[in-house]
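Now for the letters of each chain:
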Amino acid sequence: MTPRPLLQRLAGLRGAMPRTPISHLPHGRLDLRAKLEYCNPNGSSKDRSAFWILKNAIERGEITEGTTVVESSSGNFALSLASFCRVLGIGFVPVIDPNVNASTETFLRMLCDRVEKVTERDDSGGFLSTRLTRVAQLRSELAEVYWPNQYGNPDALSAHYRLTGEEICDELSHIDYLFVGTSTGGTISGLSIRAKERWPDVRVIAVDAEGSAIFGGEPGVRRLPGLGSSIRPPLCERALIDDVVLVPELEAVRGCHALLREYGLYAGGSTGSVYAAISRYFAGGVGNRPDDHPVVAFLCADRGNAYADTVYDSSWVSANFGEDVDLSAQYPQILPA
């Protein structure tokens, strides 16, 4: 039986989870709606999956007050777990890699008694397999461990079906296109299933990073955390996807700057990728109906704070993409208003 104090702390945590707003972004040819997931307690959409996974594991008795949660993540999921585990009074060991943003690593080291950072690249040139190997080692070393397994845990899918997706369906009367960034697969699977139940004709567009292997591409080196994976996560098999857009990292950077300049949205790298994908997808007009104003919804998955030293730092951009990159120029694939 789960101890009552843990259940009480869980109830308090649930009460702190808000319904995130949907903002209408003025656009000349699209009815553009951004769900501001950065309004979650820890500033990202990963709060949904982290909370739901912990909630169900506690209710099933898989997590007790003596449990240590161990998970592979170099981004928002680790931040969410670190914060929630601290509130719940249980241990958490994140396994991160060199792609972690400096502010994220600082936050994790403040909240967690132990942080594991791998530095050896795997065969794909990334760090995911190395991180997962270290997670497996920790699971065998520690006495009472729970592994959320964000890549394969159906509770991650349920979180976005029950929470994020339900809110979208409640607040919008219709959607023509839903653009979703793809990494672990939980978000796009949960949202796509929920959206197509409500609107069977909605087109779900998966957005991924160049260098990701999720949709069959060759895995390559990626600088920005958030989108992409060097494996195809099992949860992706359940997603209902109509189209895929792959976004180069420089376009993701441009997308971030365009969102900030045009709408005042200080968003993270994955959101910039999604905005770039929307712009690319509709660059030649909205299908064969250029006079239509389809409803296009997407998630602002996190704030740009963690990317202040990368995406929003001109010196970092120049070092990684060339000295001649002009981020003040109009993003070339944004449709004219």
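As the structure is a computational prediction, the values presented were derived from the model and not from experiment. (Residues numbered from 1 in each chain as written. Predicted model: local features only at pLDDT ≥ 70, side-chain atom pairs only at ≥ 80, totals over all residues. Heavy atoms only, no water.)

A. Summary view of the packing of helix α1 (residues 4–15) against helix α3 (residues 76–88). Contact geometry of α1 with α3 gives a least axis separation of 9 Å together with a crossing angle of 135°. Taken together, α1 and α3 sit at an angle that is classed as oblique. The segment α1 lies against α3, with L6, R9, L10 and L13 engaging F84, V87 and L88. (Axes fitted to C-alpha atoms, helices over the stretch in contact; angles between N-to-C directions. Helix = DSSP H or I, 4+ residues; strand = E, 2+ residues; numbered from the N terminus. Parallel < 35°, antiparallel > 145°, perpendicular 65-115°, else oblique. Contact = heavy atoms within 4.5 Å.)

B. A look at helix α5 (residues 128–141). End to end, α5 covers 20 Å across 14 residues, agreeing with the expected 20 Å (1.5 Å per residue, within 8%). Every buried residue belonging to α5 is among L128, T130, R131, R134, V135 and L138, and all of these are buried. Along α5, the residues classed as buried sweep out an arc of 160° about the axis, all on the same side. Contacts made by the buried residues of α5 are with β3 (68–72), β4 (91–96), β5 (116–117) and β6 (145–146). (Expected span 1.5 Å × (residues − 1). Buried < 20%, exposed > 50% of the residue type's maximum accessible area, 1.4 Å probe, protein only. Arc of directions from axis to C-beta.)

C. Region of interest: the pattern of salt bridges. For the coordinates displayed, the defined rule picks out 19 salt bridges. For R48, the salt bridge identified is with E167, shortest N-O distance 3.1 Å. In this pair, R48 is assigned in helix α2 (residues 46–59) and E167 in helix α6 (residues 154–171), connecting sequence segments 119 residues apart. Exposure class is identical for R48 and E167. Each is buried. Each of K35, E37, R48 and E167 takes part in one network of salt bridges that share partners. (Salt bridge = Lys/Arg side-chain N within 4 Å of Asp/Glu carboxyl O.)

D. Representation of the nonpolar core. The biggest cluster of nonpolar side chains holds 38 residues, and the ones touching the most others in it are F179, I278, V296 and F298. Contributions of two or more residues to this core are made by β2 (31–36), β7 (177–181), β8 (203–209), β9 (243–247), α8 (249–263), α9 (269–281), β10 (295–300) and α10 (314–321). With residues near it in sequence (within four places) discarded, F298 still touches L25, L32, R33, A34, K35, F179, T271, V274 and I278. Counting residues in each nonpolar core, the second largest holds 35 residues, with L54, I58, A82 and Y146 among its members. (Core = buried A, V, L, I, M, F, W, Y, C linked by side-chain atoms within 4.5 Å.)

E. Layout of unusual backbone geometry. The residue N149 is not glycine, and still its phi comes out positive at about 50°. You can see N149 is positioned in the loop between β6 and α6.

F. How the structure looks around the side chain of E116. Along the polypeptide, E116 turns up in strand β5. Given the relative accessible area of 16%, E116 is considered buried. Residues contacting E116, with those up to four places away along its chain left out, are V93, P94, V95, I96, R134 and L138.

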